[in-house]
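# Understanding the architecture of this molecule
Given next are the chains, with one letter for each unit.
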Amino acid sequence: MPRRRISRRTFLEHTSTALVVATAAPEIRAQGRKPGGDARRAIALTVNGTPQRVEVDGRWTLAELLRDHLNLTGTKIGCDRGECGACTVLLDGKPVYACSQLAAWMDGRSVETVEGLARGTDLHPLQRAFVERDAPQCGFCTSGQLMSAVALLRANPHPTREEARAAMTGNLCRCSNYNHYVDAVAAAGGDRSAERLAPRTTAAAALQTVGHPTPRIDAVERTTGKATYTGDVKLPGMLYARVLRSPHPHARIKSIDVSKARALPGVRAIATHETCQVVWGAGSIAGGQQYNDDVKKITKQRRYAFNNPVRFAGEPVAAVAAVDRHVAEDALQLLAVEYETLPFVLDQEEALQPDAVKIWPDGNVSLNNRNEPLPLAQRRGDIEAGFRAADQVFEERFTTTFVHNAQMEPRAAVAAWDGDKLTVYTPTGGIANCRTDMARDLGIPLENVRVVCQYMGGNFGNKNQNQDADLIAAVLARDAGAPVKLELSRKEDFVGVHGRWPTTQYYKIGVKNDGTLTSIQLRGYSGMGPYRKNSGAIAGAELYRCPNVETVVYPVYTNKTVSGNFRGPEYPQGFFGMQSMMDDVAAKLQMNPVDFVLKNMTRKFRDETEYTTYTLEECIRRGMDAFDWTKRWHPPGADSGRFKRGAGLAFMAFRSALGRSNAVIRLDSAGRYAVHVGVTDVGGGAKTTMGLIAAEALGVPLSKIAVVWGDTDRCPYSVGESGSRTTIMTGYAVVEAARDLRRQIAEKGRPAGGEVLIASASPNPAATGKVRNAFGAHFVEVEVDAELGRVRVTKYVAVHDSGRIINPLTAESQIKGGVTMGIGMALHEDLLYDRRSGVPLTAGYYGARIATHRDAPEVEVIFVESDDGLGPFGAKSMGESSKVPAPAAVSNAVFNALGVRMKDLPITRDRIVGALAAGRSARAAHGEVLA
Amino acid sequence: MKAFTNASPTDLRQAARLAGQARSREQSVAFAAGGSDLLGMMKDRLVTPDTVVSLRAVKGADTIVSDAHGTTIGGLATIDAIGRHAGIRRDYAVLAEAAETIATPQIRNVATLAGNVCQRPWCWYYRNGFNCLKAGGSVCYSVAGENQFHAIFGGGPSYIVHPSDAAPALVALDATFRIVGPAGERTVPAADFFTLPSRNPSRENVLADDELLAAVTLPRPAAGARSTYQKVMDREAWTHAIVSAAIVIDADAADPTVCRDARVVLGGVAPIPWRLPDVERLLRGQRLTPELAAAAGEAAIAGARPLAKNGYKVPMARALVARTVEGLAPRRV
């Protein structure tokens, strides 16, 4: 990170090197800054068949030329480092990363982009296949996948699925819809087997529209490059901003000299902690729950847009807006920051040691919403009595790491002021919450803020609420008197936004010899970074029937990057620990894990409250059949071959609560229905889902429905796409608004001439006396190459009850994507820190080893549909739940293969080889003969 | 990235001269072939050249030509072209297979053989801007830090591993490297091209700042030669080797189960492609059996000196060498 280095140099200029040695911080590389560089030069190139002559700056990349200067924004920038493939274009017919080519090198070359594929409205066969197979979810990687696939089909018109994977393997998809991309390419290549894989109309679909596989209403925009993401927004006179970030995990800023940067021609505004005292409310919340006015009053541990001291490496120190991105970056190099480094702590358990540095004066246990330094605790029964009643008691420790959301679209914001009115274009799952947050943080009336998000490239939990990037862009735009676009680099996005909280989990389980649970105890530690954005909870105990339960989880401050919500916030890591523990208990009791699960799994919520519908047992039995569990499972470690197969399962229950939302439907005399909903569609298909629900509820074809979304000036409040709530809550509001409209039509007749009918609904339903949950079970077979440490998923069956399935096509994408993400969490992803400097080493797609096409197995999805009569046509939650059991299922399968329990995520090759080597030497010590 | 001047010479000698001239004005220079890695490093300001000498306009340095003495591959031949070349796939499978494991199709389409062989280390300390030995500093941060992916052979004072997949293959094939500088050309054997950090901790090879790798020449393969490249990665694509093995076996013409001669080189385990002469001696003149393969694996790890967190590479290297030798034995009919 350039910002880190230059500020470290500045640091060295102002302080003694002894300090550096004392904190073991790396020295700065000395580097001379010489002015100069090329003037613009003219190049001639062909773009999508049209010869062009353009003047290019020496520093422009091809991606920059296409996007900023030729207005071909279908080519996306996901990493700007040749790690993700979102910018893939064809250069003289071959796929290349446009971010990794200089525009100046393009003289005489021919470039093809996504915009050149369709002929008018006549889509390229691959684009049609992408639409039909629901290949794009968020759509941010789609142009790149398409260009790689186009090149493949030109050379090889009938590729195999493996050839398709190989051709697109340089194109990451964090929605992880790899199966559908491969299906689409195979189908476009004439592979008939792809048809067999197409989702079918679901069993419970006795309805007109709902339940039938339907391509997204905006799929064409997502496959032609026409979808406008925040980074594609370009306003007249717009400036470009960059952020200087702290190179130190904990330091006091003694001074910032901005004079040289301000003197650089083209610099228009600079913000630092001295000039900008805006509180970022949602960035640090007492108790880590929903931020609001009351919480704002209570929160002591305030987080500002710029903080002093800085508390993690990567925290914003200053921001610059300038006439172009290169000038803004040059200006960062001229900012002179003097730091006094402070002691730091990275690990959540070490942070609670008496001699650990206090990151906040109140200590390192994050305060709850009453400002008490107390853990999250739940107790039922008497665990000590439970342990006394047990035949056996088992104890174990599990750990999980920080994994980043890594959505394909890096965080960006465009802020524009018109007088005292602010418009923010930003990728947010919740335009309404973002708007409230911006007004509160900036101290301006709510009606003076408009938030717009037309398309966004993934969310997975770190694009809810507002973000500091939104505030920084707004502050710079106000100071500069011009619109400002702030785009984070991929590394900044990894360290500057948030990811899943790392955990340390201690379990103690009491059990009878017949497998009956008598006591469950969890003591957990969640590393929140230095600010509390979300809960830090560790879920899992609620999955089991047991009279005596105690969970105590400490949300702990550390000097790592901030943790927050990421797809099933407290579940995947908690389920990994809890269900690994229980799998281990089953193994020690010599029980088949399925029998143990069936005996002990939840039947009522916390053994007390009925579920609205209960399908967990059916999910498990359907999964066992489809997976062929009795054939694939064997006693742990029984496979003695070099390539060891193993089978594992995990199950899940996930909240599907009802709640408040709004919808407005407008009918004009031409018979057009405009459905106004405050959703943005993070990639799950919310817009299409709302359209399908409206069509069903109104009894009209989908083609009559226009969904209006993603703009607080045009849409009523919605909770936003977090907590897997959109379908249930906003979908139900659509049902109610449709009911209102039908009543109005019955009373007043259909509108004529210039008349319109406007119906609205703001329902706030509840499932009285019962708990509403989605259920599911995952079955996975792995093949472990024990000597080389490789784990390959050879079969995966995911069974889900998400109530009635509104759209089987997009629902399958959701399940497959979550599963693949969960496999990545189990086997690869980690933000590794250098312990001596407190600096993260593996930020970015390459470093975090995000799954590629070749890492993604084929996933078989089974929906067990239920209808509890609640929500829109009985739909329950889905988006997050597909990831939730995956890491536990994979880990249990690895245990079955090896007979050795992997207690720390991710299960990387070094850990497998190391565990087996340890096992071998232990056996050797016992005098066993080695094979 | 820092502002810079673009230069576009049309031949390699001119490129070397341009570099020499810029340097004599105390300017820093970088050569750009495919440019993928260079641009990333420039964006991160890990390198801040005043002049970028683009080799895009250079003519004739990307050819693959075979004659009676062997095959010569231009330094600017793309990795993709090498991986697809019928003659290379037939005669030098180890190189074609290595090429196919490199990065992604998009990178292979522009990346060149010279660029791959001469790429800077991918050690996370170097790539994250630490002022380490490779950046001209005086410390290797991996020694007392995170060294999961670092060297188990040949380390000290730097413990990087050489990142190139092509390099072990070229060493195993006994290639000769042709180097062009402002004053002329020189050739060095592949094995002498790479330098250990104990000789020069800041560089990975013998190139002077104004020299370029122009071409490599592979000797004609022996009659019974078989070769392969096996790479262990920690995801299925787009990573560098944790451990890799480039092995060439010259089988006896009369009895292909007998190994007449062998060259065994590991990647991912040392600051240079790590040749294993003891393993080669062990294989020479022997019948290729599973027992011999296992012995080769054992011999491969003799002298390994792992750091605190990369000990797993030792059994991994043992298994990979044993398996790769076993895989090169002719199948029993």
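What follows concerns the packing of aromatic side chains. All names here are of chain A. For the structure shown, the criterion picks out 33 aromatic pairs over all chains. Ring geometry for F398 versus F576: centroids 5.8 Å apart, planes at 90°, classification edge-to-face. One end of the pair, F398, is in strand β12 (residues 392-400); the other, F576, is in helix α17 (residues 571-588), and 178 residues separate them in sequence. Neither F398 nor F576 differs from the other in exposure class; each is buried. An aromatic cluster is built from F140, Y229, Y455 and W709, whose rings are joined through pairwise contacts.

All names here are of chain A. Per the counting criterion, the structure on display carries 92 salt bridges over all chains. Across the pair D183 and R161 runs a salt bridge, and its minimum N-O distance is 2.7 Å. On the criterion of sequence distance, the pair formed by D183 in helix α7 (residues 178-188) and R161 in helix α6 (residues 161-167) is long-range, its members being 22 residues apart. When sorted by exposure, D183 lands in the same class as R161, which is buried.

Turning our attention to the interface of chain A and chain B. In this complex, chain A contributes 76 residues to the contact, which on the side of chain B involves 65 residues. Buried area between chain A and chain B, summed over both chains or domains, comes out near 6,200 Å², and the portion from carbon and sulfur atoms is 49%. The interface formed by chain A and chain B includes 11 salt bridges. The salt bridge involving D785 of chain A is made with R323 of chain B; its shortest N-O contact spans 2.7 Å. Across the chain A-chain B interface, the total number found is 26 residue pairs in polar contact (both at pLDDT 80 or more). Elements supplying a minimum of two residues to the side of chain A that touches chain B: α1 (2-14), β4 (94-97), α6, α12 (325-333), β27 (833-834), β28 (839-840), α24 (845-848) and α26 (909-925) of chain A. Considering each element in turn, the side of chain A that touches chain B owes the most residues, four residues, to β4 of chain A. Its residues assigned to classes, the side of chain A that touches chain B shows 27 nonpolar, 20 polar and 29 charged.

Here the focus is the nonpolar core. Counting 174 residues, the largest nonpolar core has I520, I620, F779 and Y796 of chain A as the members making the most contacts within it. Discounting residues that sit within four places of it in the chain, F779 of chain A has contacts with V594, C619, I620, G623, M624, F627, W629, G648, L649, K795, Y796 and V797 of chain A. Among the nonpolar cores identified, the runner-up in size contains 77 residues, and L70 of chain A together with A32, A96 and A98 of chain B belong to it.

Here we come to the sheet that holds strand β15 (residues 449-452) of chain A. Residue and element names in this part refer to chain A. Strand order in the open sheet formed by seven strands is β8-β9-β6-β16-β13-β14-β15, and the pairing between neighbours is mixed. Edge positions in the sheet fall to β8 (267-272) and β15, since each of these pairs with one other strand and no more. Each neighbouring strand pair of the sheet contributes to a mean axis angle of 20°, computed without reference to strand direction. The pairing of strand β13 (residues 412-418) with strand β14 (residues 421-425) spans five bridges and is antiparallel. Bridge pairing in β14 places V414 opposite Y425. Helix-sheet contacts for α12 involve β6 (239-245), β8, β9 (316-322) and β16 (484-487), and the interaxial angle to β6 is about 30°. Packing against the sheet, helix α15 (residues 468-480) makes contact with β6, β8, β9, β13, β14 and β16, and its axis sits at approximately 35° to β13.

The rules behind the values
- Residues numbered from 1 in each chain as written.
- Chains lettered and ligands numbered in written order.
- Predicted model: local features only at pLDDT ≥ 70, side-chain atom pairs only at ≥ 80, totals over all residues.
- Heavy atoms only, no water.
- Phe/Tyr/Trp six-rings, centres within 6.5 Å; stacked < 30°, edge-to-face > 60°.
- Helix = DSSP H or I, 4+ residues; strand = E, 2+ residues; numbered from the N terminus.
- Buried < 20%, exposed > 50% of the residue type's maximum accessible area, 1.4 Å probe, protein only.
- Salt bridge = Lys/Arg side-chain N within 4 Å of Asp/Glu carboxyl O.
- Contact = heavy atoms within 4.5 Å.
- Buried area = accessible area lost by both parts, 1.4 Å probe.
- Polar contact = N/O pair within 3.5 Å; in protein donor to acceptor, adjacent residues only side chain to side chain.
- Nonpolar A, V, L, I, M, F, W, Y, C, P; charged D, E, K, R; others polar.
- Core = buried A, V, L, I, M, F, W, Y, C linked by side-chain atoms within 4.5 Å.
- Pairing = 2+ DSSP bridges.
- Axes fitted to C-alpha atoms, helices over the stretch in contact; angles between N-to-C directions.

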